[in-house]
Amino acid sequence: MEESTQPRTLTTAAGRPIFDNQNSLSAGPRGPLLLQDYFLHEKLAHFNRERIPERVVHAKGSGAYGTFKVTHDITSLTRAQLFSQVGNQCRIFLRFSTVGGEKGSADTERDPRGFALKFYTPGGNWDVVGNNTPVFFVKDPVKFPDFIHTQKREARSNLKSATMMWDFWSLNPESLHQVTILMSDRGTPYGYRHMHGFGSHTFSLINAQNERTWVKFHFRTEQGIKNFTNEEAAQMKAQDADFAQHDLVDAIDSGNFPRWKMFIQTMTQEQAKTFRWNPFDLTKVWPQGEFPLQEVGVLELNEVPVNYHAHVEQAAFAPAHVVDGIGYSPDKMLQGRILSYPDAQRYRLGANYEHLPVNACPYGFSNYQRDGQMALGNNGGPGPNYFPNSFDGPAEDKTVGEPDQELDGLFADRFDRNVGPGDDDHYTQPGNLFRLLDAQAQRNLIDNIVGSMRGIDGPKKDLIIQRQLCHWFRADIRLGMAIAKGLGVDVEMPTQHLQPVAAAAG
């Protein structure tokens, strides 16, 4: 605890000095309280409203400020002001989080980790809202609420349910790649400093010639990858539910500033047309052997926020927040998040959430948005709140448009995301990932999967286990055999029981 930086005199929210903050106003020493004790009402009313709605996902988090410095020239790819020359720097805010747990849950749970970056640039705030994994469980945003429900609490018992999780995953083989990562030791990272971060989605870079290149963003830890085993994570959960928070704050306070190098992968529009997988599929990676990492810069965290709620809890990120020179892609999950993330923040923090200091662009902003809760500043002053106008209000900048984007077809329909070449292979990449692991990491992965799948229960237990085993066998026969053995499943069972349902397989 540090000394307060506020004025010494205690006041009401309106600034009136308070005479007594220990005793309510009453009719005599033992009489009832008086309605006119405004400060008592103000104090209790504010206390009743101290908790803003918890994030539905990524509720448990840690964050810090720092700097980003450009170390390599990518001006041929983007006209973004931040990357206009080597040596440019900007302030950043980085929030880490678990995904499925509540705000009071342990931060060493087996779970993906959020990796949300806000760059405060002269061209506006740029958010890279990703995870510590390069892929995700689903490829269409309509599935996202259902997936998250399986990671939360079961309706009757209000308990976490392995049955719900594996039922959903077994019916959605597109999740297999992310599930394989989650069940590996990377599903229990040693705090936040020892993990990579990924933008995960495909984005686009726009250069000065108005040419588009597809891009993925990578942030590789300079501290080295370090993970808990399943047993170590469970022990730490009991010992210190806030281990990752302690680890981050203690490192920065001691001057051991965490650092990540930023890299990009790029793909031309022509390469995207012929790539063997859909390059905009969030369940797939771009192999680095074909699309090598290109170094861009380095970020460092060096400042713990002075107030957790004001900065970490009220931090609001959205992949919709890009700057000129950086754009979107046809990634279906990205398209859904462009809409849903800002909407979630408006519900949680209010329509003017970007006025809050942690979210506000330090270089200013100008628009015709007015009023609403917490309209900080002068609310646009006396100027017009409509456009166009004759009173010198903010005008358009015709130089920041993007090039035309070629569309995939002329017909709008609900297309199956798992049908057709480049979209129907859910097994090659998770199989390759398993085969890349060393022997100990493979054993840990198998043990973690078996331990989790043993939690499947109820009348559909055998069906769910058999369906999921089919996916593991298709990814790698050795992996499937080992999991089946660990679960005590007879692998000589009739093959029709190992076939996924038609809707799931696509």
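For clarity, every value in this text was computed on a predicted model and none was experimentally measured.

**Student:** Report on the pattern of salt bridges, specifying residues and quantitative values.
**Tutor:** In total, this model carries 22 salt bridges according to the counting rule given. Where D242 meets K60, a salt bridge forms, and the shortest distance between an N and an O atom there is 2.9 Å. Placement of the pair is D242 in the loop between α5 (230-239) and α6 (243-253) and K60 in the loop between α1 (38-48) and β1 (61-70), with a sequence separation of 182 residues. A residue is classified by how much of its surface remains accessible, and D242, at 34% relative accessible area, is partly exposed. On the basis of relative accessibility, which here comes to 8%, the residue K60 falls in the buried class. Across the pair K139 and D281 runs a salt bridge, and its minimum N-O distance is 3.1 Å. Pair noted here: K139 is in the loop between β4 (124-131) and α2 (144-151) and D281 is in the loop between α7 (269-274) and β9 (294-303), with a separation of 142 residues, a long-range link. Each of K139, D281 and K284 takes part in one network of salt bridges that share partners.

**Student:** Please give an account of the UniProt feature "domain: Catalase core" (unreviewed entry) in the protein that cites residues and values.
**Tutor:** Per the UniProt record, "domain: Catalase core" (unreviewed entry) is annotated on residues 11-395. Regarding residues 11-395, the helix share stands at 23% and the strand share at 19%, and the terminal C-alpha atoms are separated by 43 Å.

**Student:** Could you give me a rundown of the packing of aromatic side chains, with the residues and numbers involved?
**Tutor:** Within the structure shown, the criterion is met by 29 aromatic pairs. Look at F115 and F219: their rings are 5.7 Å apart centre to centre, the planes differ by 25°, and that puts the pair in the stacked class. Highlighted residues: F115 in strand β3 (residues 113-121) and F219 in strand β7 (residues 212-221), separated in sequence by 104 residues. The residues F115 and F219 share a single accessibility class, namely buried. With 6.0 Å between their ring centres and 35° between their planes, F136 and F144 make a pair best called tilted.

**Student:** For the environment of M481, give the residues involved together with the corresponding values.
**Tutor:** Within the fold, M481 resides in helix α13 (residues 477-487). In this structure, M481 is in contact with F473 and V491, ignoring residues within four places of it in sequence.

**Student:** Account for the side chain of K139, with residues named and values stated.
**Tutor:** Given a relative accessible area of 6%, K139 falls into the buried group. Polar side-chain contacts of K139 include one of 3.1 Å to the side chain of N418. Residues within four places of K139 in sequence aside, it is in contact with E174, D281, T283, K284, K332, M333, R417, N418, D423 and H426.

**Student:** Tell me about the confidence of the model for the protein, and name the residues and values.
**Tutor:** In this model, the protein carries an average pLDDT of 92, and 97% of its residues clear a pLDDT of 70 or more. Segment residues 494-506 is flagged for pLDDT under 50; beyond a separation of four residues in sequence, or across chains, it makes 22 contacts in the model.

**Student:** I'd love a proper account of the packing of helix α3 (residues 162-171) against helix α12 (residues 461-475), names of residues and values included.
**Tutor:** For the pair α3 and α12, interaxial distance at closest approach is 9 Å and the crossing angle is 50°. Taken together, the axes of α3 and α12 lie oblique to each other. α3 and α12 meet at a crossing whose hand is left-handed. Contacts between α3 and α12 involve T163, W166, D167, W169, S170 and L171 on the former and, on the latter, I464, R467, Q468, H471 and W472. Looking at the contact of α3 with α12, its residues break down into five nonpolar, four polar and two charged.

**Student:** I'd like a description of unusual backbone geometry, backed by residues and values.
**Tutor:** Of note, the bond from F387 into P388 is cis; its omega dihedral lies within 30 degrees of zero at 0°. Mapped onto the secondary structure, P388 falls in the loop between α9 (332-349) and α10 (428-436). For N158, which is not a glycine, the phi torsion comes out positive at approximately 60°. Looking at the secondary structure, you find N158 in the loop between α2 and α3.

Parameters at a glance
Counting of residues starts from 1 at the beginning of each chain's written sequence and follows it residue by residue. Per-residue local features are limited, in this predicted model, to residues with pLDDT of at least 70; the limit for side-chain atom pairs, both in listing and counting, is 80 or more; totals at the level of whole chains, interfaces and linings are taken over all residues. As a convention, hydrogens and water are excluded, and side-chain values are obtained from all of the structure's heavy atoms. Here, a salt bridge means any Lys or Arg side-chain nitrogen found within 4 Å of an Asp or Glu carboxyl oxygen. Every helix listed is a DSSP run of H or I at least four residues long, and every strand listed is a run of E at least two residues long, numbered separately from the N terminus. Whether a residue is buried, partly exposed or exposed follows from its accessible area with a 1.4 Å probe, protein chains only, as a fraction of its type maximum: under 20%, in between, or over 50%, in that order. UniProt positions are given in the numbering used here, feature names are shortened, and annotations may be inferred rather than shown by experiment. Note on ring pairs: Phe, Tyr and Trp rings are taken, using the six-membered ring of Trp, and paired if centres are within 6.5 Å. Classes follow the plane angle, with under 30 degrees stacked, over 60 edge-to-face and the rest tilted. Contact criterion: two residues are considered in contact whenever any of their non-hydrogen atoms come within 4.5 Å of each other. Definition of a polar contact: a pair of N or O atoms within 3.5 Å, with one able to donate and the other able to accept a hydrogen when the atoms are protein atoms, and with sequence-neighbouring residues admitted only if both atoms are side-chain atoms. pLDDT is defined as a per-residue confidence score from the predictor, taking values between 0 and 100. Comment: axis = line fitted to C-alpha atoms, over the contacting stretch for helices; angle = value between 0 and 180 degrees taken between N-to-C directions. Angle categories: roughly parallel below 35 degrees, roughly antiparallel above 145, roughly perpendicular from 65 to 115, and oblique for all the rest. The sense of a crossing depends on the near helix, which, turned anticlockwise from the far helix by less than a right angle, makes the crossing left-handed and, turned clockwise, makes it right-handed. Three categories are distinguished: nonpolar for Ala, Val, Leu, Ile, Met, Phe, Trp, Tyr, Cys and Pro, charged for Asp, Glu, Lys and Arg, and polar for the others, with Gly belonging to the last.

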